[in-house]
Amino acid sequence: LEMCRALTEKSVICDLVCTNDNSQADLDVPIGRWGLYQGVNARFFQKCHFPIRILDEFQFGLGFSRWLAMSARGYDVFHIHSLFSFLPSVAMRFARQNRIPYVIRPLGVLEKYSLGRSYFKKWVFLRTIDGGNLRRAGAMHLTSEREQM
(Lines give C-alpha, C1' and ligand atoms only; values in the text may rest on other atoms or scores of the structure.)
Protein backbone atom coordinates (compact mmCIF):
# COMPACT_ATOMS: atom_id res chain seq x y z
CA LEU A 1 0.00 0.00 0.00
CA GLU A 2 2.80 2.39 0.89
CA MET A 3 4.42 1.98 -2.52
CA CYS A 4 1.15 2.50 -4.38
CA ARG A 5 0.46 5.66 -2.41
CA ALA A 6 3.97 6.97 -3.08
CA LEU A 7 3.68 6.25 -6.80
CA THR A 8 0.25 7.87 -6.98
CA GLU A 9 1.69 10.99 -5.33
CA LYS A 10 4.23 11.09 -8.20
CA SER A 11 1.36 10.91 -10.77
CA VAL A 12 2.03 7.25 -11.60
CA ILE A 13 -1.13 5.19 -12.04
CA CYS A 14 -0.87 2.31 -9.60
CA ASP A 15 -3.53 -0.37 -9.11
CA LEU A 16 -3.48 -2.95 -6.33
CA VAL A 17 -4.84 -6.38 -7.26
CA CYS A 18 -4.96 -9.11 -4.60
CA THR A 19 -7.16 -11.47 -2.60
CA ASN A 20 -9.05 -10.40 0.48
CA ASP A 21 -6.89 -12.71 2.62
CA ASN A 22 -5.66 -11.14 5.84
CA SER A 23 -4.19 -14.16 7.66
CA GLN A 24 -6.68 -14.64 10.51
CA ALA A 25 -9.82 -13.33 8.77
CA ASP A 26 -10.79 -12.05 5.35
CA LEU A 27 -10.76 -8.30 4.80
CA ASP A 28 -14.21 -6.75 4.68
CA VAL A 29 -13.82 -5.22 1.21
CA PRO A 30 -15.85 -5.19 -2.01
CA ILE A 31 -15.03 -8.24 -4.12
CA GLY A 32 -14.47 -8.20 -7.88
CA ARG A 33 -14.75 -4.46 -8.49
CA TRP A 34 -12.55 -1.40 -8.24
CA GLY A 35 -12.65 0.81 -5.20
CA LEU A 36 -10.43 2.84 -2.92
CA TYR A 37 -8.72 0.93 -0.12
CA GLN A 38 -6.71 3.08 2.27
CA GLY A 39 -6.23 5.66 -0.48
CA VAL A 40 -5.20 3.16 -3.17
CA ASN A 41 -7.18 2.06 -6.22
CA ALA A 42 -7.73 -1.63 -5.48
CA ARG A 43 -9.53 -4.71 -6.77
CA PHE A 44 -9.90 -7.66 -4.42
CA PHE A 45 -10.68 -11.25 -5.31
CA GLN A 46 -12.28 -13.72 -2.92
CA LYS A 47 -9.73 -16.07 -1.44
CA CYS A 48 -10.90 -19.68 -1.60
CA HIS A 49 -10.67 -21.41 1.76
CA PHE A 50 -9.77 -25.10 1.86
CA PRO A 51 -9.73 -27.53 4.79
CA ILE A 52 -6.38 -28.88 3.57
CA ARG A 53 -3.62 -26.53 4.74
CA ILE A 54 -1.34 -26.86 1.69
CA LEU A 55 -4.21 -25.83 -0.62
CA ASP A 56 -5.32 -23.03 1.68
CA GLU A 57 -1.77 -21.60 1.73
CA PHE A 58 -1.75 -21.46 -2.08
CA GLN A 59 -4.32 -18.61 -1.86
CA PHE A 60 -6.52 -19.25 -4.86
CA GLY A 61 -8.39 -16.10 -5.89
CA LEU A 62 -11.77 -16.63 -7.52
CA GLY A 63 -12.01 -14.77 -10.82
CA PHE A 64 -8.41 -13.54 -10.87
CA SER A 65 -7.30 -15.51 -13.95
CA ARG A 66 -10.32 -14.34 -15.91
CA TRP A 67 -9.76 -10.70 -14.93
CA LEU A 68 -6.08 -10.99 -15.82
CA ALA A 69 -6.84 -12.37 -19.29
CA MET A 70 -9.45 -9.67 -19.98
CA SER A 71 -7.87 -6.59 -18.42
CA ALA A 72 -4.19 -6.80 -17.63
CA ARG A 73 -2.70 -6.27 -21.09
CA GLY A 74 -3.11 -2.53 -20.60
CA TYR A 75 -0.45 -2.38 -17.87
CA ASP A 76 3.14 -1.31 -18.56
CA VAL A 77 4.70 -3.32 -15.74
CA PHE A 78 3.66 -5.71 -12.96
CA HIS A 79 5.16 -5.44 -9.48
CA ILE A 80 4.52 -8.85 -7.96
CA HIS A 81 4.77 -9.55 -4.25
CA SER A 82 5.85 -12.96 -2.97
CA LEU A 83 6.09 -16.42 -4.50
CA PHE A 84 4.68 -19.88 -3.86
CA SER A 85 1.03 -18.92 -4.23
CA PHE A 86 -1.61 -18.63 -6.91
CA LEU A 87 -1.88 -14.91 -7.70
CA PRO A 88 1.84 -14.17 -8.05
CA SER A 89 2.49 -17.32 -10.08
CA VAL A 90 -0.40 -16.73 -12.45
CA ALA A 91 0.49 -13.03 -12.82
CA MET A 92 4.13 -13.83 -13.65
CA ARG A 93 3.15 -16.43 -16.22
CA PHE A 94 0.64 -14.07 -17.81
CA ALA A 95 3.26 -11.30 -17.92
CA ARG A 96 5.79 -13.60 -19.58
CA GLN A 97 3.28 -14.82 -22.18
CA ASN A 98 2.26 -11.25 -23.01
CA ARG A 99 5.73 -9.71 -22.84
CA ILE A 100 4.85 -7.42 -19.96
CA PRO A 101 7.93 -6.77 -17.81
CA TYR A 102 7.59 -7.71 -14.16
CA VAL A 103 9.44 -7.07 -10.93
CA ILE A 104 9.35 -9.62 -8.13
CA ARG A 105 9.44 -8.59 -4.47
CA PRO A 106 10.03 -11.91 -2.69
CA LEU A 107 9.23 -10.61 0.81
CA GLY A 108 11.80 -12.91 2.39
CA VAL A 109 10.54 -16.21 0.98
CA LEU A 110 13.87 -16.83 -0.79
CA GLU A 111 15.95 -16.44 2.36
CA LYS A 112 17.66 -19.60 3.61
CA TYR A 113 15.47 -19.85 6.72
CA SER A 114 12.24 -19.49 4.77
CA LEU A 115 13.28 -21.94 2.06
CA GLY A 116 14.08 -24.47 4.79
CA ARG A 117 10.50 -24.38 6.01
CA SER A 118 8.29 -26.64 3.87
CA TYR A 119 11.42 -27.35 1.85
CA PHE A 120 10.01 -30.11 -0.35
CA LYS A 121 6.90 -28.12 -1.30
CA LYS A 122 9.00 -25.09 -2.24
CA TRP A 123 11.56 -27.19 -4.10
CA VAL A 124 8.81 -28.74 -6.24
CA PHE A 125 7.21 -25.33 -6.80
CA LEU A 126 10.51 -23.79 -7.92
CA ARG A 127 11.22 -26.73 -10.23
CA THR A 128 7.78 -26.69 -11.84
CA ILE A 129 6.29 -23.19 -11.64
CA ASP A 130 8.16 -20.29 -10.11
CA GLY A 131 11.72 -21.16 -11.15
CA GLY A 132 11.07 -20.00 -14.71
CA ASN A 133 9.20 -16.99 -13.41
CA LEU A 134 12.20 -15.98 -11.29
CA ARG A 135 14.70 -16.43 -14.11
CA ARG A 136 12.65 -14.26 -16.48
CA ALA A 137 11.85 -11.41 -14.09
CA GLY A 138 12.96 -7.99 -15.25
CA ALA A 139 14.20 -7.18 -11.76
CA MET A 140 14.05 -8.24 -8.14
CA HIS A 141 12.92 -5.76 -5.49
CA LEU A 142 14.87 -6.89 -2.44
CA THR A 143 14.05 -5.17 0.83
CA SER A 144 16.68 -6.55 3.20
CA GLU A 145 20.37 -7.39 3.16
CA ARG A 146 19.60 -11.06 3.89
CA GLU A 147 17.53 -11.29 0.70
CA GLN A 148 20.52 -10.13 -1.34
CA MET A 149 22.72 -13.05 -0.27
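Preceding block: the structure.
All values reported here derive from a predicted model rather than from experimental measurement.

What counts, and where the lines are drawn
Residues numbered from 1 in each chain as written. Predicted model: local features only at pLDDT ≥ 70, side-chain atom pairs only at ≥ 80, totals over all residues. Heavy atoms only, no water. Core = buried A, V, L, I, M, F, W, Y, C linked by side-chain atoms within 4.5 Å. Buried < 20%, exposed > 50% of the residue type's maximum accessible area, 1.4 Å probe, protein only. Helix = DSSP H or I, 4+ residues; strand = E, 2+ residues; numbered from the N terminus. Contact = heavy atoms within 4.5 Å. Axes fitted to C-alpha atoms, helices over the stretch in contact; angles between N-to-C directions. Parallel < 35°, antiparallel > 145°, perpendicular 65-115°, else oblique. Left-handed = near helix turned anticlockwise from the far one by under 90°. Nonpolar A, V, L, I, M, F, W, Y, C, P; charged D, E, K, R; others polar.

A. Looking closely at the nonpolar core. Ranked by internal contacts, the top residues of the largest apolar core, which has 22 residues, are Phe64, Leu68, Phe78, Leu83, Tyr102 and Ile104. Contributing elements (two or more residues each) for this core: α3 (64–71), β4 (78–81), α4 (86–97), β5 (102–105) and α6 (119–135). When residues of this core are assigned to their parent elements, the largest contribution, six residues, is made by α4. Sequence-distant contacts of Tyr102, that is, excluding residues within four places in its chain, are made with Val77, Phe78, Ile80, Met92, Ala95, Arg96, Gly132, Asn133, Arg136, Ala137, Gly138 and Ala139. Counting nine residues, the second largest nonpolar core, distinct from the first, contains Cys14, Tyr37, Ala42 and Phe44.

B. Structural detail: the packing of α4 against α6. As a packed pair, α4 and α6 sit with axes 8 Å apart at the nearest point and diverge in direction by 50°. Considering their axes alone, α4 and α6 lie oblique with respect to each other. At the point where α4 passes α6, the crossing takes the left-handed sense. Between α4 and α6, the residues in contact are Ser89, Met92, Arg93 and Arg96 and Phe125, Ile129, Asp130, Gly132 and Asn133, respectively. Its residues assigned to classes, the contact of α4 with α6 comprises three nonpolar, three polar and three charged.

Bear in mind that shape data such as this cannot, by itself, settle questions of function.
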